[in-house]
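Below, each chain spelled out in residue letters.
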Amino acid sequence: MATTASVKQILGDLNKDSFVTLLGKLIGESKYVQNNPPELIPEEDRIVNHVLDTLLPYSTTTGGGPLIINHVTYKPNRGNLIVEYPGTQPGKILSFVGMHMDVVTANPDDWEYDPFSLSIDGDKLRGRGTTDCLGHVALVSELMRRLGETKPQLKSTVVAVFIASEENSSIPGVGVDALVKDGLLDKLKKGPLFWIDTADKQPCIGTGGSIPWKLHVTGKLFHSGLPHKAINPLELSMEALKEIQTRFYRDFPAHPKEQVYEFATPSTMKPTQWFYPGGGINQIPGECTVSGDVRLTPFYSVSDAMKKLQEYVDDLNANIEKLDGRGPVSKYVLPDENLRGRITITFDEASSGVACDLNSRGFHVLCKATKEEVGHVKPYSITGTLPLIRDLQDEGFDVQTSGYGLMATYHAKNEYCLLSDMCQGYRVFASVIAQLED
């Protein structure tokens, strides 16, 4: 059997020319894999086809090698790809999952260079998807190609799962959710699953839950020169939101485990959008809507937070006259007209956060590999969301996460990654495979 040292030696370093060539082909398809339904529905098979061109010569499909390839499609042109390098010990397995083949949208008018073609500026590889996540698709493709080419005798089976439909969940049953439902990933529960879709070369050990909310506030429309005859929904929304936030931070304070997981922030509840139906500057509107989200660390329950928010609103409605006004004639009740301002809260689809298992062997080998190849290891947590990995964790998978793009360019204009970072990522993968042989 191969030793740790020999596995790393066999897998060697990333073939930069091959990687950049493949990445160039993938970024050239990025225009067609933007995910923003109904206007933009990605065709992930455009990416699949380039990965197949790379891996089929080393597959059992062509007889050219040991890779077992399964192209799984649930919607036309929207495939997933499962690639397996068989090991010799039954049940011993590790997997790289989460390399998604769709991207967020990009407006070429906002970019300094063409987002839909790969351009190179020194160490920078520029284009939509270089960091998130076509760079990782190319990187793991190169890893699997090297395994198929060099055929090291491993005890562990190594599986790569390239997925469709990560950036938008409005069309269900396309990507990893469908693969899990059909049992196609069940055997991955027997070993660590490395989700390769974060950034900055360090293990991401925690993510946040998300609760999108809308606070609709009803007042009474009237001329702004007679404000005593109006219920100003803008003022009511400001005071109500202030009270809701105060109660939220009282009930969901910083959790002791957030320090252990190095969360950048505690749970938060804040507005991000404000809408009103229009009207003249001299008109107090009759209604408005404030929207925002809760970002909840994984040590609190999303359902509990939603229940609390509803309780806050119910209590405010029952006691609306007790809210602070904004000036001598600002009020939220007009007794003579039997009118009361009213607040309603509604929620869009919520998702729970993740706290990775810090006692997992997968976590320990990832940390050791990162320290060896990157030079230091500093696991981190953020309240950004990765709802798919929480679903996997709930299904019994040992999920660890990492990534080798740049957080600063994630979903951003002028996205890029660094070739040197991807080279380090490749060596981290090789080290993880090698360590798990012991």
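Everything in this summary refers to the structure shown in the same document. In this text the structure is predicted, and so the values were computed from the model without any measurement.

Thoughts on the sheet that holds strand β20 (residues 416-418)
- The strand order across the open sheet built from three strands is β4-β5-β20, with neighbouring strands paired in antiparallel fashion. Of all strands in the sheet, those bounded by a partner on one side alone are β4 (119-121) and β20. Sheet twist, expressed as the mean angle between neighbouring strand axes with direction ignored, is 25°.
- The strands touched by helix α11 (residues 419-435) within the sheet are β5 (124-126) and β20, with β20 carrying the most contacts at an inclination of about 60°.

Considerations on the side chain of R128
- Mapped onto the fold, R128 is located in the loop between β5 and α4 (134-150).
- We classify R128 as buried; its relative accessible area is 3%.
- Here A412 takes part through its backbone oxygen, which lies 2.9 Å from a polar atom of the side chain of R128.
- When sequence neighbours within four positions are dropped, the list of residues in contact with R128 reads I27, S30, V103, V104, T105, A106, W111, P115, L134, H411, A412 and E415.

Observations concerning the packing of helix α1 (residues 4-11) against α11
- One can describe the packing of α1 onto α11 by two numbers: an axis separation of 8 Å at closest approach and a directional angle of 145°. The handedness of the crossing between α1 and α11 comes out as right-handed. Facing T4, V7, K8 and L11 of α1, the residues of α11 in contact are Y426, A430, S431, I433, A434 and Q435.
- Of the residues belonging to the contact of α1 with α11, the class tally is six nonpolar, three polar and one charged.

Re the pattern of salt bridges
- Applying the stated criterion across every chain yields a total of 24 salt bridges.
- A salt bridge links R46 to E29, with the shortest nitrogen-to-oxygen separation between them at 3.1 Å. Of this pair, R46 sits in helix α3 (residues 45-55) while E29 sits in the loop between α2 (16-27) and α3; the two residues are 17 residues apart in sequence, bridging distant segments of the chain.
- By relative accessible area, which is 14% here, E29 ends up buried.
- A salt bridge links R295 to D293; the nearest nitrogen and oxygen atoms lie 2.9 Å apart.
- A single network of salt bridges, built from pairs that share partners, joins K8, D13, E372, E373 and R427.

Describing α2
- If you check α2, its first and last C-alpha atoms are 16 Å apart, about what twelve residues at 1.5 Å a residue would give, namely 16 Å.
- Of all the residues in α2, the buried ones are F19, V20, L22, L23, L26 and I27. Projected down its long axis, α2 carries its buried residues within an arc of 165°, all on one side.
- Along its buried surface, α2 packs onto α3, β4, β5, α4 and α11.
- For α2, the side-chain oxygen to backbone nitrogen distance between the N-cap and D17 is 3.3 Å, and the N-cap itself is N15.

A closer look at the packing of aromatic side chains
- Evaluation of the coordinates by the stated rule reveals nine aromatic pairs.
- Centre to centre, the rings of F248 and Y249 are 5.3 Å apart; their planes meet at 85°, and the pair counts as edge-to-face.
- Taking relative accessible area as the criterion, F248 reaches 0% and is therefore assigned buried.
- Residue classification places Y249 among the partly exposed positions, given a relative accessible area of 37%.
- Ring pairs connect the aromatic residues F96, F194, Y404 and F429, which therefore count as one cluster.
- In this arrangement the basic side chain of R46 is found over the ring face of Y32, its NZ or CZ atom lying 4.0 Å from the centre.

A closer look at the sheet that holds strand β16 (residues 342-347)
- If you trace the four strands from one edge of the open sheet to the other, you get β11-β13-β9-β16, paired in antiparallel fashion. Two strands in the sheet have a free side with no partner beyond their single neighbour: β11 (268-275) and β16. When the angles between neighbouring strand axes are averaged without regard to direction, this sheet yields 25°.
- Together, β9 (209-218), β11, β13 (287-296) and β16 form the strand contacts of helix α6 (residues 233-251), whose direction differs from that of β11 by roughly 165°.
- Taken strand by strand, helix α8 (residues 302-318) contacts β9, β11, β13 and β16, and its axis lies near 170° from that of β16.

Considering unusual backbone geometry
- Cis geometry marks the peptide bond from P37 to P38; its omega dihedral reads 0°.
- In this fold, P38 is placed in the loop between α2 and α3.
- Of note, D200 is a non-glycine position whose phi angle comes to about 70°, a positive value.
- Summarising the element assignment, D200 is placed in the loop between β7 (192-196) and β8 (204-207).
- The backbone phi angle of N414 is positive, close to 60°, even though this residue is not glycine.
- Within the fold, N414 resides in the loop between β19 (398-402) and β20.
- Note on N414: relative accessible area 18%, which makes it buried.

Reading the values: the criteria
- Residues numbered from 1 in each chain as written.
- Predicted model: local features only at pLDDT ≥ 70, side-chain atom pairs only at ≥ 80, totals over all residues.
- Heavy atoms only, no water.
- Pairing = 2+ DSSP bridges.
- Helix = DSSP H or I, 4+ residues; strand = E, 2+ residues; numbered from the N terminus.
- Axes fitted to C-alpha atoms, helices over the stretch in contact; angles between N-to-C directions.
- Contact = heavy atoms within 4.5 Å.
- Buried < 20%, exposed > 50% of the residue type's maximum accessible area, 1.4 Å probe, protein only.
- Polar contact = N/O pair within 3.5 Å; in protein donor to acceptor, adjacent residues only side chain to side chain.
- Left-handed = near helix turned anticlockwise from the far one by under 90°.
- Nonpolar A, V, L, I, M, F, W, Y, C, P; charged D, E, K, R; others polar.
- Salt bridge = Lys/Arg side-chain N within 4 Å of Asp/Glu carboxyl O.
- Expected span 1.5 Å × (residues − 1).
- Arc of directions from axis to C-beta.
- Phe/Tyr/Trp six-rings, centres within 6.5 Å; stacked < 30°, edge-to-face > 60°.
- Lys NZ or Arg CZ within 6 Å of the ring centre and 35° of its normal.

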